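A structural walkthrough
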Amino acid sequence: MSTQGHAWARQVKKEDEEEDPLDQLISRSGCAASHYAVQECMAQHQDWRQCQPQVQAFRDCMSEHQARRREELQRRKEQGSAHH
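Let us look at the structure shown here. Here the structure is a predicted model, which means the values were calculated and not measured.

1. Notes on the packing of helix α3 (residues 32-45) against helix α4 (residues 52-82)
- Orientation of α3 relative to α4, taken along the N-to-C sense of each, is 155°, at an axis distance of 8 Å. As far as their axial angle goes, α4 and α3 are roughly antiparallel. Crossing handedness for the pair α3 and α4: left-handed. Of the residues in α4, those in contact with Ser34, His35, Ala37, Val38 and Cys41 of α3 are Gln54, Val55, Ala57, Phe58 and Cys61.
- Among the residues forming the contact of α3 with α4, the class breakdown is 7 nonpolar, 3 polar and no charged.

2. Re the state of the cysteines
- One pass over the full model with this rule turns up 2 disulfides.
- Covalent S-S linkage joins Cys41 and Cys51, the inter-sulfur distance amounting to 2.1 Å. Every disulfide takes its handedness from the sign of the S-S torsion; for Cys41 and Cys51 that torsion is -90°, giving left-handed. Here Cys51 lies in the loop between α3 and α4 and Cys41 lies in helix α3, a separation of 10 residues in the sequence.
- On the accessibility criterion, Cys41 (5% relative accessible area) is buried.
- If you count the bonded cysteines of the protein chain from the N-terminus, they pair up as 1-4, 2-3.

3. What to know about the pattern of salt bridges
- By the definition in use, this model includes 2 salt bridges.
- A salt bridge links Asp47 to Arg49, with the shortest nitrogen-to-oxygen separation between them at 2.9 Å.
- Classification of Asp47 by relative accessible area gives buried; the value is 16%.
- Here Glu72 and Arg76 are joined by a salt bridge, their closest N and O atoms 2.6 Å apart. With Glu72 and Arg76 both in helix α4 and 4 residues apart, the pair spans about one turn of that helix.

How each quantity is defined
- Residues numbered from 1 in each chain as written.
- Predicted model: local features only at pLDDT ≥ 70, side-chain atom pairs only at ≥ 80, totals over all residues.
- Heavy atoms only, no water.
- Axes fitted to C-alpha atoms, helices over the stretch in contact; angles between N-to-C directions.
- Helix = DSSP H or I, 4+ residues; strand = E, 2+ residues; numbered from the N terminus.
- Parallel < 35°, antiparallel > 145°, perpendicular 65-115°, else oblique.
- Left-handed = near helix turned anticlockwise from the far one by under 90°.
- Contact = heavy atoms within 4.5 Å.
- Nonpolar A, V, L, I, M, F, W, Y, C, P; charged D, E, K, R; others polar.
- Disulfide = S-S within 2.5 Å.
- Buried < 20%, exposed > 50% of the residue type's maximum accessible area, 1.4 Å probe, protein only.
- Salt bridge = Lys/Arg side-chain N within 4 Å of Asp/Glu carboxyl O.

Written out as structure tokens, the structure is:
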């Protein structure tokens, strides 16, 4: 069985271990469901080419999250410079 990708090589998390930073980022993005769909597809098919709809949905979700984050950071920057 192949161990491709970051999730397949991960060991079981112990109670006192912190969550993986990548998993935290994905959870905060609101894209965890589409990320899990990619993981499930990869586990089932072992071929990323068969998982392109799931990969695209995850990519779109993360792109939207990054755009919202950029806008938020820009607003904060503008608000901060307006107070000085």
